[in-house]
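Single-letter residue listing:
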Amino acid sequence: MSKISLELGSGGKLMRDFINEEILQNFRNPYLEELADAALLPFNIALTTDSYTVEPLFFPGGDIGTLCVNGTVNDLIVAGAEPRFLALSLIIEEGLEKETLTKIFHSIKNAAQQAHVLITTGDTKVVRQGQADKIFITTSGVGEIIAHPSPPQIKPGDKIIVTGTLGEHSLAVMVAREEFGFEAEIKSDCAPLNFLLPLWQEGVLWMRDVTRGGLASVLIELADRLPYSITIEEETIPLSPPVRGACEFLGIDPLYLACEGRAVIVVKATAQNQVLQKIKAHPQGKTAAIIGEVATSPGKAGELLLKTISGGWRRLEPLTSELLPRIC
Amino acid sequence: MNELRNRQVISSLLEIIAHKTATLPNLPIRIMEVCGTHTMSIHRHGLRPLLEERGIEMLSGPGCPVCITPDAYHEAAIKLVSTNSNIILATFGDMTRVPTRVGSLQTAIPAAGSQVKIVYSPIESLNLAKAHPEQEVVFFGVGFETTIPSIALCVKKAKEERLSNYSLLSALWIIPPPLRAIVSSQDTKIDAFLYPGHVSAIIGEAPYQFLADEFNIPGAITGFEPADILLAISSLLDLIKKGRAEVINEYRRVVAPQGNPQALQIMAEMLVEKDAFWRGLGYIPQSGLKLKDNYQEYDAEIKFSLEISPEETHLPGCRCGEVLRGKISPSSCPLFGQACTPASPQGPCMVSFEGACLAFYKYDYQN
Amino acid sequence: MCLGIPAKITELHSNKQGKVDYLGTKVQVDFSLVDEVKINDWVIVHAGFAIAKLNETEAQETMALLREYAQFVSTIDKSKKQNE
């Protein structure tokens, strides 16, 4: 491959190969080798970074400002760290309306307050018209490690919880793009997951935020690390009617849709009910549900299986390419 | 219409099917689902293993437009968008991932000012042409009779509105001819057909009659919900038991016996039959459609002098052709699951959401 | 690509354009291929076009048949249990 294609950026096999061949080869060290979204460093520090290129900038329920705070904050939370400090890098296209920037900053301010983080440093660059699409934001975040996710402790019978209805962020962005000629009362689920932090002390073994690639991608990645299979039930997966409807119309599988304020949690079997109740007690977790479990059958080690509404089983495979580009 | 997905209804129908196959000789009963969307639905609901346990083997047929469109069309589209400026190539999603000798539409690097745009409806391509008068919009229109009238209608509107920057790169296919080719070749034993519900909404019941009359094979038109599919299979088992070859309509809420007259009329007005080359099936006479002469200026093949001379090209070892004929099952292809996986597809049957190989790979968790 | 969804017509204009609603999602639809439809009718929507009108009588008959089937097996189960 002599040129970087759009497909590389969509997170599938090309991306994985790229990471292994280019990134790891050049920069290898024990922290990087974990290939985690947040690096767990000495001095109890967790560090993460992400770039935000969402198109359009504003969508129902959020904008690039809310995204650039919550996306980074959530990566820290699911790694077992309390988010504390952010650094923001802005690349702004010449000619961007000042008012747009003001609105974005307003959103960043509110999101940071909600997530209890401070914007401590940053950088601003302006490039010529046409050399960036309005604004790109890179957010790095530092958090204090307060828990240690422990996949090795996961065993058959442990439950899988999803903290709310799926796919709303993706569809909100699609609606905002006015593509496919469809409208729906869907708002992005973009939100900080701080309310999940105390659950690390209550029997939660592992968490991941459900972003690009959706629920299925997250669980496939988890299953890959386990000597067990993961089984989930289609009937239990929380989906709001407009998301269900939009997905049917467009022939999209909601299990692969990105969210920006939902997490998947693996919890000890003994703690499932109390953890679920605590999540549901929070406004952001009202639609949470137990959707499946770690299992020895059906399925082989490393597989994610779905029990369909018809009672049959099917295996969920990794997404090979982006369903929707520039979603976050 | 919740009954269509009701757990109780579905398990009852499965029970009934089991009772019926228990009384039939020569199991498994081999039923070809013609339409890619049926393949997708059967896979999505995990029905295939459930049916296999009850003596029914489902064969995937040629009704997957992504699967049967030869590489030459994709290569022409790729060439168009990567060597010409100011082209917007509008296309349906999974067409962009079919791997050819020159890569896929998705990995193609467009020329300056050109782009590939994924659309859900051909209307969007028309809107693009109106919104971007300085660009040439080419709609890569691929489909069977369900989609063909809509594609044709957009060209008609383009002409009525005198749009000069709109054209159609067409790969339009008709369902009955490949079915004749498949049963004539006697490559595969087929006991019954499941006919595509929405193609039938357009063409009606009559076009399938020859399969019952000339080849003695019963078939049922049906919808795409699990209960629709199972109900149709149950009815087909009755016909098989009685030795009656008929075309039955189990989708009467949508399919009128005569089809959709407006849609048929548009097709007759704007399109003419042509011989066409199908991946895996070769040349089939009068099996494709193209724009009539008075719509030539909207035919992208003519407008851009694209030379599409399809031949049986495929990546080495790919046996999608035999899969599409129902001759082999995906797992018999030596590339299946090894070199050919959803992450690195070697042929369209592994790319398309409706492809047999992809469905097989995904649901067959027992292998 | 036969994907077609049953949806209810919510808007219909004289130029044969309009909208349908399915579970709260509204989509723009072209009605040129169907005759004599009105608001609140159900149609099958494929790739932005209505390609057929849903026949409500036939739909109800099919649903009734499916409900009957559901009960049929409950009867088999009951008699199985009685014989055990």
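Just so it is clear, the structure is predicted and the values come from calculations on it, not from any experiment. (Residues numbered from 1 in each chain as written. Chains lettered and ligands numbered in written order. Predicted model: local features only at pLDDT ≥ 70, side-chain atom pairs only at ≥ 80, totals over all residues.)

## Quick look at the interface of chain A and chain B
Interfaces are often described in size by the accessible area the parts lose on coming together.
1) Next: On the chain B side, the residues contacting the 24 residues of chain A number 26 residues.
2) Next: No other element matches the 3 residues that strand E15 (residues 313-315) of chain A contributes to the side of chain A that touches chain B.
3) Next: Its residues placed into classes, the side of chain A that touches chain B shows 6 nonpolar, 11 polar and 7 charged. (Contact = placed C-beta atoms within 7 Å. Helix = DSSP H or I, 4+ residues; strand = E, 2+ residues; numbered from the N terminus. Nonpolar A, V, L, I, M, F, W, Y, C, P; charged D, E, K, R; others polar.)

## A few points about the environment of A:Gly62
All names here are of chain A.
1) Next: Within the fold, Gly62 resides in strand E4 (residues 62-63).
2) Next: Taking the C-alpha atoms as reference points, Gly62 and Ala111, 49 residues apart in sequence, are found 10.0 Å from one another.
3) Next: Not counting the four nearest positions on each side in its chain, Gly62 is found in contact with Leu67, Ser188 and Cys190.

## Thoughts on the domain arrangement of chain B
Residue and element names in this part refer to chain B.
1) Next: Assigned domains of chain B: these are domain 1 (1-317) and domain 2 (320-363).
2) Next: Taken together, the contact between domain 1 and domain 2 spans 30 residues of the former and 24 residues of the latter.
3) Next: When residues of the side of domain 1 that touches domain 2 are traced back to their parent elements, those giving at least two are helix H2 (36-44), strand E2 (56-63) and helix H4 (65-68).
4) Next: It is H2 that contributes the most residues to the side of domain 1 that touches domain 2, 5 residues altogether.
5) Next: Tallied by class, residues from the side of domain 1 that touches domain 2 come to 14 nonpolar, 11 polar and 5 charged. (Domains from an automatic or database assignment.)

## Some points on the nonpolar core
1) Next: Counting 236 residues, the largest nonpolar core has A:Val264, B:Leu13, B:Ile31, B:Ala77, B:Leu89, C:Val43 and C:Ala50 as the members making the most contacts within it.
2) Next: Counting residues per element, this core draws most heavily on helix H11 (residues 226-242) of chain B, at 10 residues.
3) Next: Beyond its immediate stretch of four places on either side in the chain, C:Ala50 contacts C:Val29, C:Phe31, C:Leu33, C:Val34, C:Val37, C:Val43, C:Ile44 and C:Val45. (Core = buried A, V, L, I, M, F, W, Y, C linked by C-beta atoms within 7 Å. Buried ≥ 20, exposed ≤ 12 C-beta atoms within 10 Å, placed from the backbone.)

## Remarks on the pairing of strand E5 (residues 81-93) of chain A
Residue and element names in this part refer to chain A.
1) Next: For E5 and strand E7 (residues 135-145), the ladder comprises 11 bridges, and the chain directions are antiparallel. Bridged to Pro83 within E7 is Gly143.
2) Next: Bridge count for E5 against strand E6 (residues 118-127) is 9 bridges, and the pairing is parallel. Note on E6: the bridge partner recorded for Glu93 is Val127. (Pairing = 2+ DSSP bridges.)

## Quick look at the environment of A:Arg177
All names here are of chain A.
1) Next: Mapped onto the secondary structure, Arg177 falls in the loop between helix H5 (168-176) and strand E9 (182-184).
2) Next: Accessibility expressed as a C-beta count within 10 Å gives 13 for Arg177, which makes it partly exposed.
3) Next: Taking C-alpha positions, Arg177 is 32 Å from Ile279, a pair spaced 102 residues apart along the chain.

## So, the sheet that holds strand E9 (residues 247-249) of chain B
All names here are of chain B.
1) Next: Taken in spatial order, the 5 strands make up an open sheet running E2-E1-E7-E8-E9, and their pairing is parallel. Two strands in the sheet have a free side with no partner beyond their single neighbour: E2 and E9. Averaged over all pairs of adjacent strands, the angle between their axes in this sheet comes to 25 degrees, without regard to strand direction.
2) Next: The pairing of strand E1 (residues 29-35) with strand E7 (residues 192-196) spans 3 bridges and is classified as parallel. In the strand pairing of E7, Met32 is matched with Phe193. (Axes fitted to C-alpha atoms, helices over the stretch in contact; angles between N-to-C directions.)

## Quick word on helix H7 (residues 148-160) of chain B
An α-helical segment advances 3.6 residues per turn. Residues three or four places apart therefore align on the same side.
1) Next: When the terminal C-alpha atoms of H7(B) are compared, their 18 Å separation across 13 residues agrees well with the 18 Å that a helix rising 1.5 Å per residue should span.
2) Next: B:Ile148, B:Pro149, B:Ser150, B:Ile151, B:Ala152, B:Leu153, B:Cys154, B:Val155 and B:Ala158 are the residues of H7(B) that are buried. (Expected span 1.5 Å × (residues − 1).)

## A few points about the pairing of strand E2 (residues 45-52) of chain A
Residues and elements named next belong to chain A.
1) Next: Examined bridge by bridge, strand E1 (residues 38-41) and E2 share 4 bridges and lie antiparallel to one another. Paired with Leu40 across the two strands is Ala46, which belongs to E2.
2) Next: As paired strands, E2 and E7 are joined by 8 bridges and run antiparallel to one another. The residue bridging Ile45 from the neighbouring strand is Glu144, located in E7.

## So, the sheet that holds strand E10 (residues 271-278) of chain B
Residues and elements named next belong to chain B.
1) Next: Spatially, 6 strands are ordered E4-E3-E5-E6-E11-E10 in an open sheet, and the strand pairing comes out mixed. Bordering the open sheet on either side are strand E4 (115-118) and E10, each of which pairs with just one other strand. Within the sheet, the average angular offset between the axes of one strand and its neighbour, ignoring direction, is 25 degrees.
2) Next: Note that strand E6 (residues 166-173) and strand E11 (residues 282-291) share 2 bridges and pair antiparallel. When the sheet's bridge partners are listed, Trp173 is paired in E11 with Gly288.
3) Next: Contacts from helix H5 (residues 71-83) reach strand E3 (87-91), E4, strand E5 (136-143) and E6 within the one sheet, and its direction differs from that of E3 by about 150 degrees.
4) Next: Strands E3, E4, E5 and E6 of the sheet are contacted by helix H6 (residues 122-131), whose axis makes an angle of about 170 degrees with E5.

## Topic: the domain arrangement of chain A
Residue and element names in this part refer to chain A.
1) Next: Taken domain by domain, chain A comprises domain 1 (38-145) and domain 2 (151-315).
2) Next: With 22 residues of domain 1 at the contact, the number on the domain 2 side is 22 residues.
3) Next: Those elements that place two or more of their residues in the side of domain 1 that touches domain 2 are strand E3 (58-59), helix H3 (64-78) and helix H4 (98-114).
4) Next: For the side of domain 1 that touches domain 2, the element with the highest residue contribution is H3, accounting for 9 residues.
5) Next: Taken together, the residues of the side of domain 1 that touches domain 2 break down into 11 nonpolar, 9 polar and 2 charged.

## Re the interface of chain C and chain B
1) Next: The interface is formed by 29 residues belonging to chain C together with 39 residues belonging to chain B.
2) Next: When residues of the side of chain C that touches chain B are traced back to their parent elements, those giving at least two are strand E4 (42-46), strand E5 (49-53) and helix H1 (56-83) of chain C.
3) Next: Looking at which element gives the most residues to the side of chain C that touches chain B, the answer is H1(C), with 11 residues.
4) Next: By residue class, the composition of the side of chain C that touches chain B is 19 nonpolar, 6 polar and 4 charged.

## A few points about H2(B)
All names here are of chain B.
1) Next: Taking burial as the measure, the 9 residues of H2 include 9 buried ones, the bulk of the element.
2) Next: For H2, the set of buried residues is Gly36, Thr37, His38, Thr39, Met40, Ser41, Ile42, His43 and Arg44.
3) Next: Following H2 by one or two positions, Gly46 has its phi on the positive side, about 60 degrees.

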